[in-house]
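Results of the structural survey
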Amino acid sequence: MLNGQITHSYLENACTLFIPRPPARDQPLKSSQPTTAAASSSSGAESYDKGPGEGSGAEALHVDRIRNCDIFVDAHDLYFYADVKLYKFHSRRSFDLRELKTLTIKYNTTEHHYKICLRCLPVTAGTQQGTGGGDTAKPKSVRKEYIAAFLHMPTLADVSSARMSDKEPMVQEWKLKRITDQCQLQLDGHERIYKLTNHFGYGFASKYNNPLNTSELDRATCRVAEPQRTSPIQRRQERLVDEMKRFSREQYKMNFVELQVPSGHQNPLRYKPKIFETSMTQEQAHLLHNISRQQGSEQQQPFDSLRQTEIDCGLISILLAICYDVRTTNNEPTCESGWTRSILCPLYCYFEQFDNYRDVLVAFLRRVITYPLYRNFELGRHCVRDAIEVLKGGRNWLINQLLLTHQQFAVGEPTRDSFNTFYLEDYIRYVTSPNACSEEHLRLLARNLKNVLMDVNKRHLGLGISDIETELFRELMQEMRIETGSEGSSPQQPGHVDDETDLETDASGQEDETTTDDDSVITDSFDSTDMDMRLIENEIVYEDDEEDEEDDDEDEDEDEDGADDDDDDDDSNSSTTSSEAEGNSVIEQCSNSETAASISTTSTK
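First, a word on what this report is: a plain description of the structure on this page. (Residues numbered from 1 in each chain as written. Predicted model: local features only at pLDDT ≥ 70, side-chain atom pairs only at ≥ 80, totals over all residues. Heavy atoms only, no water.)

**What about the overall build of the protein?**
For the protein, the count of helices and strands is 19 helices and 10 strands. When contacts within the protein are restricted to residue pairs at least 6 apart in sequence, long-range pairs at least 24 apart make up 74% of them. Total accessible area computed for the protein in this model is approximately 33,600 Å², and 50% of it derives from carbon and sulfur atoms. (Helix = DSSP H or I, 4+ residues; strand = E, 2+ residues; numbered from the N terminus. Contact = heavy atoms within 4.5 Å. Areas by Shrake-Rupley, 256 points an atom, 1.4 Å probe, with all protein chains shown as cover.)

**Remarks on the packing of aromatic side chains**
Each aromatic ring pair is characterised by the separation of its centres together with the angle its planes make. This model, assessed by the stated rule, comprises 18 aromatic pairs. One aromatic cluster in this structure is built from Tyr-202, Tyr-208, Tyr-348, Phe-351, Phe-409, Phe-419, Phe-422 and Tyr-423. For the cation-ring pair, Arg-92 lies above Tyr-10, with the distance from its terminal atom to the ring centre recorded as 4.8 Å. (Phe/Tyr/Trp six-rings, centres within 6.5 Å; stacked < 30°, edge-to-face > 60°. Lys NZ or Arg CZ within 6 Å of the ring centre and 35° of its normal.)

**Some details on the pairing of strand β4 (residues 77-82)**
Among the six residues of β4, six are classified as buried, and the element is accordingly described as predominantly covered. On β4, burial covers both faces: Asp-77, Tyr-79 and Tyr-81 on one face and Leu-78, Phe-80 and Ala-82 on the other are all buried. As paired strands, strand β3 (residues 69-73) and β4 are joined by five bridges and run antiparallel to one another. Counted as the bridge partner of Cys-69 is Ala-82 from β4. Joining the antiparallel neighbours β3 and β4 is a turn of three residues. For β4 and strand β5 (residues 85-90), the ladder comprises six bridges, and the chain directions are antiparallel. Looking at β5, one finds that Leu-78 is bridged to Phe-89. What sits between the antiparallel neighbours β4 and β5 is a turn of two residues, in which Asp-83 has the positive phi angle 65°. (Buried < 20%, exposed > 50% of the residue type's maximum accessible area, 1.4 Å probe, protein only. Pairing = 2+ DSSP bridges.)

**Examining the pattern of salt bridges**
In the structure shown here, the tally under the stated rule is 25 salt bridges. The partner of Lys-253 in a salt bridge is Glu-475, and the shortest N-O contact between them spans 3.2 Å. Within this pair, whereas Lys-253 is found in helix α6 (residues 249-257), its partner Glu-475 is found in helix α16 (residues 465-514), the two being separated by 222 residues in sequence. We classify Lys-253 as buried; its relative accessible area is 6%. Residue Glu-475 is classed as partly exposed on the basis of its relative accessible area of 32%. In this structure, the salt-bridge partner of Glu-469 is Lys-458, at a minimum N-O distance of 2.6 Å. Here the residue Glu-469 occupies a position in helix α16, and Lys-458 occupies one in the loop between α15 (439-455) and α16, the gap between them amounting to 11 residues. Judged by relative accessible area, which is 22%, Lys-458 ranks as partly exposed. The network of salt bridges with common partners includes Lys-88, Glu-173, Arg-236, Arg-239, Glu-243, Glu-352, Arg-366 and Arg-367. (Salt bridge = Lys/Arg side-chain N within 4 Å of Asp/Glu carboxyl O.)

Structure representation (structure tokens):
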């Protein structure tokens, strides 16, 4: 879908568009009768010069190509797909689609262009700026344009158009309304009216146009059952709608914080591809020989610019899906590898045609965060970098992976062999041909892809993931505040308890100050008791001649202890009754033990 140039003009409340008809492809579309198609193509070229009034067969073919159109329109945008080329137009004024029932498209066979006239809403003060993407000219702009023309400077219109091209307003293509059934074609002002037809190509370089065999079609993966009746822009619109339906905000949030990697598996973000370490099995070599042999039987011709761009974009789309599967499986294919390599490539699922690298990257990144297990934007960017490295010098690795994908599609359940027929086999022949796809050409693709990767951001995906990430950050901050609040409130309660215990300890400290004498009495009594017991043990060891002296010493000690106890009793009268009772009981026990010790000593004598 290569964008063409549209010229337009505004007259009061009408917008007139002039759309050039794209030239026919150099090669005819592949059909079941190639000789007939080639003959009709040559006759069609003759009728293109003669006009619609000369030659019945040539005129019919010429008119069919002109009628092969598909039209989508919105408030400010018009998408016009003419045969093999897409034209886009963005209007600064709003189209009036309220009473649009029939739209007549006039075709000029002399100048070879379509003419479309659409009604516009009246210009109001509120709609003069912003919504349409441009500003109305001020009264002084005429003088400025005159000066600019005199000084050979760019005019105001040129500057505004350049600014608009830099901004490139985001178009919500899934909102475009298809009005093809409401359109009719008129040739050179003749009274005869034609209806628009739908007969489009698909597959490698759009060279197929036959109906698909539905029995061999994987309905779970392929969403377009009749690509020959569906224009590329309609296929693209169906893909965008399906991706919006399947996109999960919660799943993206989970993989945004951290990839949900099962235990025992390597993190895909840490994988380092080894594109220079590859080997081909005998089965793959045999498959490559069979596919390459078919190349000699077909007549090879150089591709035109339209087909060359479409082929290169398709190769990049297939390669990106392969790089994702290799990175997430650590280059060890699983039973899900065939599904992964097909679901991430819009060529297989929708027979989509690309005309620029940015659309390829945006489509891949959208599907990365929508379908597979690991839905992460940065993971998709890593896969794009892997594809760049492959294009720089990994032709053998690329051929090996294409053959492996062919095997997975051929033996998988459900079968995806139709993808091999319409895409993979042709791409294998294309990549292995040094004339069609040289090393220099692959390196050029790598440089272009690298430049586009720097320009693509999350806004281009159109799924609002920046808002989702902002929402996720707010949720995480709220959870952190709640946890911090709970932790802050729970320590406050223990803090109050600590304060209360401190108060209790302070009070108890005051009580300890008042009962210090009692404590000292109890401590002294126990110390004296220990000393007396040691003395009793020593007395047993002493000899008989020293026992009398020890008894005297013990009597003196008892007298001193008794005196100390009397002093302590006098001091303890000022303390509490319970402390006094405890002190007296301890003193009595000590005196009784001393008496028993003296009696035992006397008996031993």
